[in-house]
Amino acid sequence: MKYIAAQLRDDLRIAYRELTPSGTQRGVIVLLHGFPQTSYQYRHVLPLLADKSYRCIAPDYRGAGGSSRSHNDFSKATMADDILKLLDYLQINEPIHLVGHDIGGMIAFAFAHRYPKRLKTVCWGECPLPGTKTYYRDRTEHAVQQFHFIFHCIPDLPEALIRDNERIYLTHFFNKIAYNLNAFTEADIDHYVSAYSQPGAMRCGLDVYQFEQDAEDNLAAVERNGKVNVPTMVLSGARSRHKLEAEEMVLEVTEKAKVEVGLVEGAAHYLAEENPEGFAETVLAFIEKHA
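This structure is a prediction, so every number in the text was calculated from the model and none was measured.

(A) Structural detail: the layout of surface pockets. Taken as a whole, the largest pocket spans an internal volume of roughly 300 Å³. In terms of lining residues, the largest pocket is bounded by 24 residues, among which D102, Q146, I177, H242 and H269 are the most central. Looking at the lining of the largest pocket, the element that brings in the most residues is helix α7 (residues 166–177), giving 3 residues. Across the lining of the largest pocket, the residue classes break down as 13 nonpolar, 6 polar and 5 charged. Put simply, the second largest pocket is a space of about 160 Å³. In terms of lining, the second largest pocket is formed by E159, I162, R163, E166, Y196, S197, Q198, P199, G200, A201, M202 and R203. Among the elements of the structure, α6 (157–162) and α9 (201–207) are those that each provide at least two residues to the lining of the second largest pocket. Of all the elements, α9 adds the most residues to the lining of the second largest pocket, at 3 residues.

As structure tokens, this is what we get:
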């Protein structure tokens, strides 16, 4: 598996993992990670998808992992544009299958709304999409569990409190919203702690939570262009509370005829790590309906 970086502009480098199957390729799958993760999130999944003859690309979104961190704009529209630039850099002109989890799900939705002709399918979930009723309920009814939605937006204080305590902070999220706690080894935790301990990395990780601009962008896009008309699967863990609101949320922003609801058994929030086989099977079953 390759892990390399694309210099898209002088100030924008996007690192990505790529696994290309031998023989005939059936298409391209791009997978976008969440917080507090990187493209390493898909380490178990990429071989499973490549074994089915798909070229698989998992970028570190801007500010995370090996990607550049000299940024202040973390709107999901801008981050979706980074993915478009990466596809152009890689000369991938055919429509792709786009998969996004957590923050990556918000980016995947923004991409689908802005560049529908570049997609065959989009699969996203395990995130309260900014601008939807679910998003506003999360900030009120689930405020304790989702405390970080507010905490990450406070200037300077979070970085000061988290500094030298990265392991405690990141492990809090893995323990709190995972079902399969064996999914994360000490080496896996080490990887994420190292990634978010790099200079500027935690600042960027927190700044992706400036969701009010995303809410405005999403509402304006629906008002201007209508709902997303790309085949869409909203994907949740069978043990996640997000499954209860997923269908209502996706129907606010996607045409009903294009929507499918998926569940990954044996997983809560961290689908690709808690049950990689189940995640890959669910995604492939959806993709192959539209191949």
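(B) Main features of the packing of aromatic side chains. Taken as a whole and judged by the stated rule, the model has 20 aromatic pairs. Here Y209 and F211 contribute two aromatic rings whose centre-to-centre distance is 5.1 Å and whose plane-to-plane angle is 50°, an arrangement assigned as tilted. Each of the two residues, Y209 as well as F211, counts as buried. Chaining the aromatic ring pairs together yields one cluster made of F35, Y135, Y136, F147, F149, F151, Y169, F173, Y196, Y209 and F211. In this arrangement the basic side chain of R17 is found over the ring face of Y3, its NZ or CZ atom lying 4.2 Å from the centre.

(C) Spatial organisation of the side chain of N218. With respect to the element layout, N218 can be found in helix α10 (residues 211–225). For N218, the residues in contact, after removing those within four places along its chain, are F109, L129 and P130.

(D) View of the environment of K76. Tracing the sequence through the fold places K76 in helix α2 (residues 76–89). For K76, the residues in contact, after removing those within four places along its chain, are I103, M106, I107, A110, V208, F211 and D214. Polar side-chain contacts of K76 include one of 2.7 Å to the side chain of D214.

(E) Molecular detail of the pairing of strand β1 (residues 2–9). The pairing of β1 with strand β2 (residues 12–19) spans 7 bridges and is antiparallel. From the neighbouring strand, K2 faces β2, where its bridge partner is E18. Hairpin connection, β1 to β2: the antiparallel pair is bridged by 2 residues.

(F) Layout of the pairing of strand β6 (residues 119–125). Judged by how many residues are buried, β6 sits mostly within the fold: 6 of 7 residues are covered. Sheet analysis places strand β5 (residues 96–101) next to β6, joined by 6 bridges and oriented parallel. For G100, the partnering residue across the bridge sits in β6 and is W124. This β-α-β element, β5 to helix α3 (residues 103–114) to β6, shows right-handed connectivity. By the bridge criterion, 3 bridges tie β6 to strand β7 (residues 232–237) in an arrangement that is parallel. Looking at β7, one finds that C123 is bridged to M233.

(G) The nonpolar core, seen in detail. With 68 residues, the main nonpolar core has V30, F35, Y61, L98, I103, W124 and L170 as its most contacted residues. Among the elements that take part in this core, α3 stands out by supplying 8 residues, more than any other. Setting aside its immediate chain neighbours within four residues, W124 contacts G100, G105, A108, F109, L129, T232, M233, V234, L235, M249, V250 and V253. Counting 25 residues, the second-largest nonpolar core is a separate cluster that includes Y42, V45, L49 and L284.

(H) Main features of unusual backbone geometry. Here the bond from F35 into P36 is cis, since omega is 10°, no more than 30 degrees from zero. Within the secondary structure layout, P36 lies in the loop between β3 (27–32) and α1 (45–50). The phi dihedral of Q91 is positive, around 60°, even though this residue is not glycine. Considering the arrangement of structural elements, one finds Q91 in the loop between α2 and β5. Notably, E126 is not glycine yet its phi reads approximately 55°, a positive angle. Position of E126 among the secondary structure elements: in the loop between β6 and α4 (133–138). Take E126: its relative accessible area is 2%, and that puts it in the buried class.

Criteria and thresholds
Residues numbered from 1 in each chain as written. Predicted model: local features only at pLDDT ≥ 70, side-chain atom pairs only at ≥ 80, totals over all residues. Heavy atoms only, no water. 1 Å grid on protein atoms, 1.4 Å probe; cavity = no way out; pocket = protein on both sides within 12 Å on 5 of 7 lines; lining within 4 Å. Points joined across faces, edges and corners; volume = space filled by probe spheres on them. Helix = DSSP H or I, 4+ residues; strand = E, 2+ residues; numbered from the N terminus. Nonpolar A, V, L, I, M, F, W, Y, C, P; charged D, E, K, R; others polar. Phe/Tyr/Trp six-rings, centres within 6.5 Å; stacked < 30°, edge-to-face > 60°. Buried < 20%, exposed > 50% of the residue type's maximum accessible area, 1.4 Å probe, protein only. Lys NZ or Arg CZ within 6 Å of the ring centre and 35° of its normal. Contact = heavy atoms within 4.5 Å. Polar contact = N/O pair within 3.5 Å; in protein donor to acceptor, adjacent residues only side chain to side chain. Pairing = 2+ DSSP bridges. Right-handed = clockwise from strand over helix to strand, strands pointing away. Core = buried A, V, L, I, M, F, W, Y, C linked by side-chain atoms within 4.5 Å.

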